[in-house]
Amino acid sequence: MRRSAAPSQLQGNPLKKPRFIPPARSDPGLNEEKKLNSDVKLFEVPANKNAFLQSQNDPRICSFNLPPEESAREINREDNYREKYHLEASAKTTLDPHHTAHSAPKEVMVSNGQEEEPDSLVKYFSVVWCKASKKKHKKWEGDAVLIVKGKSFALKDLEGKDIGRGIGYKFKELEKIEEGQTMMIGGKEIEVMGVISPDDFSSGRCFQLGLSGALNSSQTPKKCTSNPFKSVCKLSSKENRQNGFQNCKPRHDPYAPNSLVMLRPDNNHQWMFNKNHFPIVDVVIDPHLVYHLRPHQREGIIFLYECVMGMRVNGRCGAILADEMGLGKTLQCISLIWTLQCQGPYGGKPVIKKTLIVTPGSLVNNWRKEFQKWLGSERIKIFTVDPDHKVEEFTKSPLYSVLIISYEMLLRSLDQIKNIKFDLLICDEGHRLKNSAIKTTTALFSLPCEKRIILTGTPVQNDLQEFFSLIDFVNPGILGSLSCYRKIYEEPIITSRQPSASQEEKELGERRACELTCLTGLFILRRTQEVINKYLPPKIENVVFCRPGALQIELYRKLLNSQAVRFCLQGLMENSSHLICIGALKKLCNHPCLLFSSVKEKECSSAWDENEERRLYEDLLKVFPPDYNPLMFAEEESGKLQVLSKLLAVIHELRPAEKVVLVSNYTQTLNILQEVCRRHGYGCTRLDGQTPISQRQQIVDGFNSKYSSDFIFLLSSKAGGVGLNLIGGSHLILYDIDWNPATDIQAMSRVWRDGQKHPVHIYRLLTTGTIEEKIYQRQISKQDLSGAVVDLTKTSDHIQFSVEELKNLFTLHENSHCVTHDLLDCECTGENHPGDSLEKFPLSRTCQLGPHQQKSNSLKPLSMSQLKQWKHFSGDHLNLSDPFLERIRGNVSFFFQNITNQTTAT
Ligand SMILES: Nc1ncnc2c1ncn2[C@@H]1O[C@H](COP(=O)(O)OP(=O)(O)OP(=O)(O)O)[C@@H](O)[C@H]1O
Ligand SMILES: [Mg+2]
């Protein structure tokens, strides 16, 4: 592919992050390599050390009901508290490049020219791009606009210049493009940030927006002017002051049992923000809300309140709430908004008037629903932006105080949004702002709102520059300029993690990391899943090793003997040929018919002759029966599909009132699963990348409703599982495995969350002895995963492999019941694991995890040693009293099982 000649690249892109070069090294290429391999762990605090979990005992909280004189003492105690808090409340902030490993996504396939698809269909996307490379840590080089027309595309930078072009692509590949997708196109790697309307494209606004946003942020960085009240409390005249005095009773009784009262401002705060000497009024959370709050949510609200009021870091009003998935970040924010909108500590005056919530498109309606759920429809008026409800409507009506908008819509409506005075900005799933060069970040950064909250279920981690972006977004300037931050923190920390670092460098790096963590920990809060476990029903997690079918084994052998695989193992592979081999094996594990279709398709391709795939697929079709029809696939041809089919049948039979969430990462596989549902007459609903955003919430609600006749929810985990609540389902089946444990964890936490009524059964299906086991082992074998570096934005599809690793990947273990178990160094034969009898199931049984139990309950990837503690047994085990496993055992060679919350009442 032609290299771009765009001036933005040749002359240096103003949005491009300066590249970090560790000190005392002359070869930047080498430096880059070393930097990527270093273990950059910034900070780690065990979950149970978290101050928020302990603060039930915090004197500040116990003193909520103290008479006013005592409140003064309370204020005096605050300094001590702050010191303690400063050290304890820090988020788990881990930077570990191991688990972010990924490289370039697949190049979109070039068409054979025989497809007959409409050439006139034109689509536009906003994207970020960078040159193709195998580096683990990629830096997007800027925003661009992708124009897809039939089988061709053009990529334009924001000055409208072409930076890439291509024709003759596969229409189907181009048609599939969707938000969040990363891919290789024309030799560039791109990530699709959203869809651009034809109107925005033809008017040219999609180019102008990025430009103006970029200039705002890079040339005139906004500094927090640190007046949390100026937007609403402008009462300076005597008259106003008197009015204010009349209204200085707390809105709710601070002395009522169980009341949740916010910290009173200290003298310094009053001096800064209460120039009019209004009386101090207790800010009390609405008891209607408090009634529902979990303890960690009470603490979260206190934390958010103090952050946005500028009480934690002098005059800084930003916060990052990074609680693990499902902990109710939405409710905590709703409580904050409702409180600040009605109350304030100075004369009772409300602190905010208008709030802007920016969220992924699929969650806009979820936010509306949550407001309704917790506050009803009368207390607060919410406006959600969609194609039929434009921002102008919000502007015109005084009724609405909260605007909820998707990131994509925000970019399109930026001009109108900028004209509205928002007092609070909440960015849901805000880890996407970690890249300061992209349009979304620059647009949001340009909003003058000082109180900014980022919500994210994934830890704030990975990359010190990304960390800087998030911090600088919520509290602009708090870490100084980027260059200053680099000198003070980034360089010493990275240098100290190099194997060659001197003792002195190590100490300096550690000190700086600690300093950085302490500072940022004041306004970052992360709690783990354990805090809500006790409110959740039991979770029974099963890893099910399915015996491959005869056709699968034959095809698998054939693939491993192919020229393509042999070339890979000799290190002769071209760029990404190993990925093609891996992809083919994964398809085969899902079902041989998927492989059949791919081969057929490739055979027709004009590029077949010189294609690497030829070396892989040659003679493969001969293994299939001569009249093989992929549409008429048989369940027996795939071990996993057979297990799935039996599993669905037994769930349907034994738990007719319960429902199943069925997850795959591939649309084609979902098609097969949907066909299975059809054949068996199971009602199903489906959400994948093609599902219009406007319909997603409706589909979710339909499934969660007890009146729904759908037995199965087919979910493409990569296409928007983030943030969804699928508590209508209590059985979740992961049909295939992703390299990135975060994708699987995301999917699993859709059902085991607050509101779930039934015990949750999770089934992870793996084909015994195949590449799926290897991927699973890779997920769990990283012992230092305790750092929980799980980041969904990393696709991990293209990890770098050594030849040795490839050899392991490309081996089929035909004689093992479970290679993973073989690797565990476990003495049991799989017949009857010591101390474990399935007869006890599902009665109370102490978990084998022992001291690790807490750890594994958290949403972290499991480690090998933890897996060893799980109950495990071969499919031939005689005492299976789990009726679900009993039904599938004929096709299963091995099981692992773990039960969390076994004794929780359901
Ligand atoms: N105190 C509570 N009592 C009962 N249900 C609750 C409570 N808090 C939250 N929930 C429910 O729990 C579910 C998960 O909450 P929410 O969607 O806010 O999680 P989250 O932290 O945003 O997770 P994610 O990172 O996956 O988006 C929602 O259905 C919510 O209504
Ligand atoms: Mg959420």
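Here the structure is a predicted model, which means the values were calculated and not measured.

## So, the overall build of the protein chain
Argument step 1. Of regular secondary structure, the protein chain possesses 37 helices and 21 strands.
Argument step 2. Out of the 906 residues in the protein chain, the part that is buried amounts to 61%.
Argument step 3. Long-range pairs, those at least 24 residues apart, make up 78% of the contacts in the protein chain between residues at least 6 apart in sequence.
Argument step 4. Within the structure as shown, the protein chain displays about 35700 Å² of accessible surface, and the carbon and sulfur contribution to it stands at 51%.

## Focus on the packing of helix α19 (residues 464-474) against helix α20 (residues 482-497)
Argument step 1. Packing of α19 against α20 brings their axes to within 10 Å, and their N-to-C directions diverge by 140 degrees. By the criterion of interaxial angle, the relationship of α19 to α20 is oblique. Handedness of the α19/α20 crossing: right-handed. In this structure, α19 uses Leu 464, Gln 465, Phe 467 and Phe 468 to contact α20, whose residues at the interface are Leu 482, Tyr 485, Arg 486, Glu 490, Ile 493 and Ile 494.
Argument step 2. Tallied by class, residues from the contact of α19 with α20 come to seven nonpolar, one polar and two charged.

## Concerning the pattern of salt bridges
Argument step 1. The final tally for this structure, using the stated rule, is 23 salt bridges.
Argument step 2. The residue Arg 527 makes a salt bridge to Asp 323 at a minimum N-O spacing of 2.7 Å. Residue Arg 527 is found in the loop between β13 (524-525) and α22 (530-533), and its partner Asp 323 is found in the loop between β7 (318-321) and α13 (329-342); the two are separated by 204 residues along the sequence.
Argument step 3. One salt bridge connects Lys 421 with Asp 423, and the closest N-O pair in it is separated by 3.5 Å.
Argument step 4. With relative accessibility at 5%, the residue Asp 423 sits in the buried group.
Argument step 5. One continuous salt-bridge network, built from bridges that share partners, spans Glu 675, Arg 678 and Arg 679.

## Focus on the confidence of the model for the protein chain
Predicted coordinates in regions of low pLDDT should not be interpreted in detail.
Argument step 1. On average, the protein chain scores 76 in pLDDT, and the residues at 70 or more come to 72%.
Argument step 2. This stretch, residues 783-798, has a pLDDT under 50; its non-local contacts, to residues over four places away or in other chains, come to 65 contacts.
Argument step 3. Below a pLDDT of 50 lies the segment residues 834-858, which in the model reaches 54 contacts outside its immediate sequence neighbourhood of four places, other chains included.
Argument step 4. ipTM for the predicted complex: 0.99, alongside a pTM of 0.66.

## Looking at helix α30 (residues 693-704)
Argument step 1. The end-to-end C-alpha distance of α30 is 18 Å, a good match for the 16 Å that 12 residues give at a rise of 1.5 Å each.
Argument step 2. Those residues of α30 not exposed but buried are Arg 696, Gln 697, Ile 699, Val 700 and Phe 703. Within α30, the buried residues cover an arc of 160 degrees as seen down the axis, which keeps them to one side. Facing away from the buried side of α30 by more than 90 degrees, the exposed set consists of Ser 694 and Gln 698.

## A closer look at the sheet that holds strand β8 (residues 355-359)
Argument step 1. Strand order across the open sheet formed by seven strands is β9-β10-β8-β11-β12-β7-β13, with parallel pairing between neighbours. The two strands at the open ends of the sheet, each matched to only one other strand, are β9 (382-384) and β13.
Argument step 2. In the sheet, β9 pairs with strand β10 (residues 402-406) via three bridges, with the strands oriented parallel. Paired with Ile 382 across the bridge in β10 is Val 402.
Argument step 3. The strands touched by α19 are β7, β11 (424-427), β12 (451-455) and β13; relative to β12, the strand with the most contacts, the crossing angle is about 145 degrees.

## Description of the nonpolar core
Argument step 1. Counting 113 residues, the largest nonpolar core has Leu 356, Trp 367, Phe 371 and Leu 444 as the members making the most contacts within it.
Argument step 2. Looking at this core, the element that brings in the most residues is α13, giving eight residues.
Argument step 3. Per-domain counts for this core show at least three residues from each of domain 2 (47-95 + 235-352 + 423-528) and domain 3 (532-547 + 638-900).
Argument step 4. When sequence neighbours within four positions are dropped, the list of residues in contact with Leu 356 reads Leu 403, Ile 405, Leu 410, Ile 417, Phe 422, Leu 424, Leu 425, Ile 426 and Leu 447.
Argument step 5. In this structure, Leu 551, Val 650, Phe 801 and Leu 812 belong to the second largest nonpolar core, which totals 80 residues.

## Description of the side chain of Glu 772
Argument step 1. The residue Glu 772 is located in helix α32 (residues 771-781) in this model.
Argument step 2. The buried category is assigned to Glu 772, whose relative accessible area is 2%.
Argument step 3. Engagement of the side chain of Glu 772 in a polar contact is seen with the side chain of Lys 640, the distance being 2.6 Å.
Argument step 4. Setting aside its immediate chain neighbours within four residues, Glu 772 contacts Cys 589, Asn 590, Lys 640, Asp 736, Ile 737, Leu 765, Leu 766 and Thr 767.

## Considerations on the site of ligand 1
Argument step 1. Close to ligand 1 lie 19 residues; Gly 326, Thr 330, Glu 370, Lys 373 and Arg 753 are nearest.
Argument step 2. The contact in question runs from an oxygen atom of ligand 1 to an N or O atom on the side chain of Glu 370, over 2.7 Å.
Argument step 3. Take Arg 753: an N or O atom from its side chain is 2.6 Å from an oxygen atom of ligand 1.
Argument step 4. Within the complex, the protein chains bury 94% of what would otherwise be the 640 Å² of accessible surface of ligand 1.
Argument step 5. Among the elements of the structure, α13 and α14 (364-375) are those that each provide at least two residues to the shell around ligand 1.
Argument step 6. Looking at the shell around ligand 1, its residues break down into four nonpolar, seven polar and eight charged.

## Looking at helix α21 (residues 503-521)
Argument step 1. Compared with the 27 Å implied by 1.5 Å per residue over 19 residues, the 26 Å span of α21 between its first and last C-alpha is a close match.
Argument step 2. Considered for burial, the residues of α21 that qualify are Gly 509, Ala 513, Leu 516, Thr 517, Cys 518, Thr 520 and Gly 521.

## Examining the packing of helix α12 (residues 295-308) against α13
How two helices sit against one another is set out by the angle between their axes and by the gap between those axes.
Argument step 1. Between α12 and α13, whose axes approach to 9 Å, the crossing angle comes to 50 degrees. Comparing the axis directions of α12 and α13 gives the class oblique. The element α12 and its partner α13 pack so that their crossing is right-handed. Residues His 296, Gln 297, Gly 300, Ile 301, Leu 304, Tyr 305 and Val 308 of α12 form the contact with α13, whose own contacting residues are Leu 331, Gln 332, Cys 333, Ser 335, Leu 336 and Leu 340.

## Considerations on a negative patch on the surface
Argument step 1. A cluster of acidic residues, Glu 504, Glu 505, Glu 507 and Glu 510, forms a negative patch at the surface.
Argument step 2. Tracing the backbone through its elements, the reader meets Glu 504 in helix α21.

## Focus: the sheet that holds strand β15 (residues 660-664)
Argument step 1. Within the open sheet, the eight strands sit side by side as β16-β17-β15-β18-β19-β14-β21-β20. Their pairing is mixed. Single-partner strands in this sheet number two, and they are β16 (684-687) and β20 (871-874). Looking at each pair of strands side by side, their axes are set apart by 15 degrees on average, direction ignored.
Argument step 2. Each of β15, β16 and β17 (712-716) is contacted by α30, which is oriented at about 150 degrees to β16, the strand it contacts most.

Reading the values: the criteria
- Residues numbered from 1 in each chain as written.
- Chains lettered and ligands numbered in written order.
- Predicted model: local features only at pLDDT ≥ 70, side-chain atom pairs only at ≥ 80, totals over all residues.
- Heavy atoms only, no water.
- Helix = DSSP H or I, 4+ residues; strand = E, 2+ residues; numbered from the N terminus.
- Buried < 20%, exposed > 50% of the residue type's maximum accessible area, 1.4 Å probe, protein only.
- Contact = heavy atoms within 4.5 Å.
- Areas by Shrake-Rupley, 256 points an atom, 1.4 Å probe, with all protein chains shown as cover.
- Axes fitted to C-alpha atoms, helices over the stretch in contact; angles between N-to-C directions.
- Parallel < 35°, antiparallel > 145°, perpendicular 65-115°, else oblique.
- Left-handed = near helix turned anticlockwise from the far one by under 90°.
- Nonpolar A, V, L, I, M, F, W, Y, C, P; charged D, E, K, R; others polar.
- Salt bridge = Lys/Arg side-chain N within 4 Å of Asp/Glu carboxyl O.
- pLDDT = per-residue confidence, 0-100.
- Expected span 1.5 Å × (residues − 1).
- Arc of directions from axis to C-beta.
- Pairing = 2+ DSSP bridges.
- Core = buried A, V, L, I, M, F, W, Y, C linked by side-chain atoms within 4.5 Å.
- Domains from an automatic or database assignment.
- Polar contact = N/O pair within 3.5 Å; in protein donor to acceptor, adjacent residues only side chain to side chain.
- Near = heavy atom within 4 Å.
- Patch = residues over 30% accessible without salt bridge, like charges linked within 9 Å, V, L, I, M, F, W, Y side chains within 5 Å.
- Lys, Arg positive; Asp, Glu negative; His and termini not counted.
- Charge placed at Lys NZ, Arg CZ, Asp CG, Glu CD.

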